[in-house]
Amino acid sequence: MISIYSLKPRFQNLLRPSVVRLAERGVTANQVTLVAAGISLLVALLVAWQADHKWMFILIPIWMLLRMALNAIDGMLAREFGQQSKLGAYLNELCDVAADSALYLPFALIAGVPPLLVIGVVLMAALVEYAGVLGLMVGASRRYDGPMGKSDRAFVFGLLGILVAINVFDIRWIAVALWLVLVLLIYTLYNRVRRGLMEAAELNQS
């Protein structure tokens, strides 16, 4: 299934020199994970506090781009510099869901956007990531299938943040976009469960 996640290897190659320098300075993957989550919560709180000032939503796409880089960096530090740990696996999954949820929720404070729709997207996004992790429980790999994975959601909400900030379109279109995201999240949930079961069955037969 087509997803922005498929571009991740190229993105990692661009970051590799910086990752090497961080590792040489003793920076750990868990430290990067926690810093990224902490800043995500601060950005979300700041935007929510000033939600009446639509230009503040520009902070969301700016931070999402930087956070995407930090997420790639913590994974590379873990895999390529022997920093993988059980604690790191917990932190990676939990911090991602918490940070994503926090960064999506300020959109519920925009006049004309149904708050329950935003909350529905947040809950479904969490279920999608939970389904991805459950692949490991059934003997498959951690599933990252699209079409509305973490990277895809970051792109959509980043774009919405830009559109809200520059205030050049009818805010009601945000609801239309969020309904589409919700439908794609439901399909992504189905896709991850289906692909996980298929992979597990294939591994059991081999």
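## Focus: the pattern of salt bridges
Applying the stated criterion across every chain, the model contains 13 salt bridges. Measuring nitrogen to oxygen at the nearest pair gives 2.8 Å for the salt bridge that ties Glu93 to Arg142. With Glu93 in helix 4 (residues 86-104) and Arg142 in the loop between helix 5 (115-137) and helix 6 (150-166), this residue pair connects regions lying 49 residues apart in the sequence. Looking at Glu93, the relative accessible area reads 19%, which means it is buried. Arg142 gets classed as buried once you look at its relative accessible area, which sits at 13%.

## Description of helix 7 (residues 172-205)
Taking 1.5 Å as the rise per residue, helix 7 with 34 residues should run 50 Å; its terminal C-alpha atoms sit 50 Å apart, in good agreement. For helix 7, the complete set of buried residues consists of Ile174, Ala175, Leu178, Val181, Leu182, Leu185, Thr188, Asn191, Arg192, Gly196, Glu199 and Ala200. Packing partners of the buried residues in helix 7 comprise helix 5 and helix 6.

## Quick notes on the nonpolar core
Of all hydrophobic cores here, the largest spans 35 residues; its most connected members are Phe57, Phe107, Ile110, Ile174, Leu178 and Leu185. Among the elements that take part in this core, helix 5 stands out by supplying seven residues, more than any other. Beyond its immediate stretch of four places on either side in the chain, Ile174 contacts Ile110, Val113, Leu160, Val164 and Phe169.

## Quick notes on the packing of aromatic side chains
Inspection of the entire model under this criterion finds four aromatic pairs. Between Tyr104 and Phe157, the ring centres sit 4.1 Å apart and the planes meet at 15 degrees, which makes this aromatic pair stacked. Note that Tyr104 is positioned in helix 4 and Phe157 in helix 6, a separation of 53 residues in sequence. Using a relative accessible area of 1% as the deciding quantity, one classes Tyr104 as buried. Taking the relative accessible area as the measure of exposure, Phe157 reaches 1% and is therefore buried. The structure contains a cluster of three or more aromatic residues connected by ring pairs, namely Phe57, Tyr104, Phe107 and Phe157.

## Considering the packing of helix 2 (residues 29-49) against helix 4
The geometry of a pair of packed helices is captured by two quantities: the angle between their axes and the separation between those axes. Two elements in contact, helix 2 and helix 4, have axes separated by 9 Å at closest approach and are oriented at 15 degrees. Looking at the two axes, helix 2 sits roughly parallel to helix 4. When you trace helix 2 past helix 4, the crossing you get is left-handed. Within the contact between the two elements, helix 2 uses Asn30, Thr33, Leu34, Ala37, Ser40, Leu41, Val43 and Ala44 and helix 4 uses Leu87, Gly88, Leu91, Asn92, Cys95, Ala98, Ala99, Ala102 and Leu103. Of the residues belonging to the contact of helix 2 with helix 4, the class tally is twelve nonpolar, five polar and no charged.

How each quantity is defined
- Residues numbered from 1 in each chain as written.
- Predicted model: local features only at pLDDT ≥ 70, side-chain atom pairs only at ≥ 80, totals over all residues.
- Heavy atoms only, no water.
- Salt bridge = Lys/Arg side-chain N within 4 Å of Asp/Glu carboxyl O.
- Helix = DSSP H or I, 4+ residues; strand = E, 2+ residues; numbered from the N terminus.
- Buried < 20%, exposed > 50% of the residue type's maximum accessible area, 1.4 Å probe, protein only.
- Expected span 1.5 Å × (residues − 1).
- Contact = heavy atoms within 4.5 Å.
- Core = buried A, V, L, I, M, F, W, Y, C linked by side-chain atoms within 4.5 Å.
- Phe/Tyr/Trp six-rings, centres within 6.5 Å; stacked < 30°, edge-to-face > 60°.
- Axes fitted to C-alpha atoms, helices over the stretch in contact; angles between N-to-C directions.
- Parallel < 35°, antiparallel > 145°, perpendicular 65-115°, else oblique.
- Left-handed = near helix turned anticlockwise from the far one by under 90°.
- Nonpolar A, V, L, I, M, F, W, Y, C, P; charged D, E, K, R; others polar.

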